[in-house]
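# Fold and geometry: a report
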Amino acid sequence: MNEDLLAYLEANTQDVEYLLAVPSSQQGSSLVIATGRPVLYMGGFGGQDAVVTAGDLSAMVANGELRYVMYGGDRGGKQDIANWLSASCSVVQEFSQLSTGGPQMPQGENQPQGLGGGGPDQGTTLYLCR
């Protein structure tokens, strides 16, 4: 688990319901265990279910329920969400391209350890949405 990311999210989400949104429960369950805070699983267990849409995420941000979205890697792929993130949110460079602990797909050495403490896989991007 990336302790710096965890500390950043905890410090910057005390006034919102969700710690962050992630593509699947496989990517976010360790965050729930570590923090006791709700994490939104946008695609259910494996990331392929249509749990929320870009419109849902936009409404949650507008209502002050959600601020951060971790997206990409092997569990991304919903084009409406990807388009909304690109148009409406900004990339948090310090915590982007992190491994999320999903299936290992080596891309090279010296990749930062991500959410789940796994090694390198397809990187994800942390977005700040306001």
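Residues numbered from 1 in each chain as written. Predicted model: local features only at pLDDT ≥ 70, side-chain atom pairs only at ≥ 80, totals over all residues. Heavy atoms only, no water.

### As for helix H3 (residues 54-62)
Within the span of H3, buried status applies to Ala-54, Leu-57, Met-60 and Val-61. Down the axis of H3, the buried set is contained in an arc of 125 degrees. They therefore lie on one face. The backbone nitrogen of Gly-55 lies 3.3 Å from a side-chain oxygen of the residue at the head of H3, namely Thr-53. Note on H3: the residue one or two positions beyond its end, Gly-64, has a positive phi of about 75 degrees. (Buried < 20%, exposed > 50% of the residue type's maximum accessible area, 1.4 Å probe, protein only. Helix = DSSP H or I, 4+ residues; strand = E, 2+ residues; numbered from the N terminus. Arc of directions from axis to C-beta. Polar contact = N/O pair within 3.5 Å; in protein donor to acceptor, adjacent residues only side chain to side chain.)

### A word on the confidence of the model for the protein
Should pLDDT be low for a region, the predicted coordinates there are not to be read in detail. This prediction gives the protein a mean pLDDT of 81; 76% of its residues lie at or above 70. Long-range and interchain partners of residues 99-114, a stretch whose pLDDT sits below 50, account for 43 contacts in this model, where long-range means more than four residues apart. The low-confidence segment residues 116-121 (pLDDT under 50) makes 26 contacts with residues lying over four places distant or belonging to another chain. (pLDDT = per-residue confidence, 0-100. Contact = heavy atoms within 4.5 Å.)

### Notes on the nonpolar core
Leu-40, Met-42, Leu-66, Val-69 and Leu-85 are the most contacted members of the largest nonpolar core, which has 18 residues in total. Sorting elements by how many residues they give to this core places H3 first, with four residues. Other than its neighbours up to four places away in sequence, Leu-66 contacts Val-16, Tyr-18, Leu-20, Ala-21, Leu-40, Leu-57, Met-60, Val-61 and Cys-129. Ranked by size, the runner-up nonpolar core spans 14 residues in total, among them Leu-5, Leu-9, Leu-31 and Tyr-68. (Core = buried A, V, L, I, M, F, W, Y, C linked by side-chain atoms within 4.5 Å.)

### A closer look at the state of the cysteines
Here the structure, examined in full by the defined rule, presents one disulfide. Bridging Cys-89 to Cys-129, the disulfide has an S-S length of 2.1 Å. Here Cys-89 and Cys-129 share a disulfide; its torsion about the S-S bond, 110 degrees, makes the bridge right-handed. In this pair, Cys-89 is assigned in strand E4 (residues 89-91) and Cys-129 in strand E5 (residues 124-129), connecting sequence segments 40 residues apart. Neither residue differs from the other here; Cys-89 and Cys-129 are each classed as buried. (Disulfide = S-S within 2.5 Å.)

### Some points on helix H2 (residues 25-35)
Taken together, the buried positions of H2 are occupied by Ser-25, Gln-27, Gly-28, Leu-31 and Thr-35. End-on, the buried residues of H2 take up no more than an arc of 145 degrees, which puts them together on one face. Elements that come into contact with the buried residues of H2 comprise helix H1 (3-12), strand E1 (21-22), strand E2 (40-41), strand E3 (68-72) and E5. Residue Gly-36 follows H2 closely and has a positive phi angle near 75 degrees.

### Section: the environment of Ser-96
Relative to the elements of secondary structure, Ser-96 occurs in the loop between E4 and E5. Given the relative accessible area of 12%, Ser-96 is considered buried. Put simply, Ser-96 and Tyr-127 are 31 residues apart on the chain and 8.2 Å apart in space, counted from C-alpha to C-alpha. Contacts of Ser-96, omitting those with residues within four sequence positions, involve Val-91, Thr-124, Thr-125 and Leu-126. Polar side-chain contacts of Ser-96 include one of 2.8 Å to the backbone oxygen of Val-92.

### Quick word on the pattern of salt bridges
A side chain of one charge can pair with a side chain of the opposite charge if their charged atoms are brought near each other. Counted by the stated rule, this structure contains two salt bridges. Of the charged contacts, one joins Arg-37 and Glu-10 as a salt bridge, the two residues approaching to 3.3 Å between their closest N and O atoms. Linking Arg-37 in the loop between H2 and E2 with Glu-10 in helix H1, this pair joins segments that are 27 residues apart in sequence. What makes Arg-37 buried here is its relative accessible area of 14%. Since its relative accessible area comes to 26%, Glu-10 is described here as partly exposed. For Asp-15, the salt bridge identified is with Arg-67, shortest N-O distance 3.0 Å. Of this pair, Asp-15 sits in the loop between H1 and E1 while Arg-67 is found in the loop between H3 and E3, placing the two residues 52 residues apart along the sequence. Overall, Arg-67 belongs to the buried group, its relative accessible area being 14%. (Salt bridge = Lys/Arg side-chain N within 4 Å of Asp/Glu carboxyl O.)

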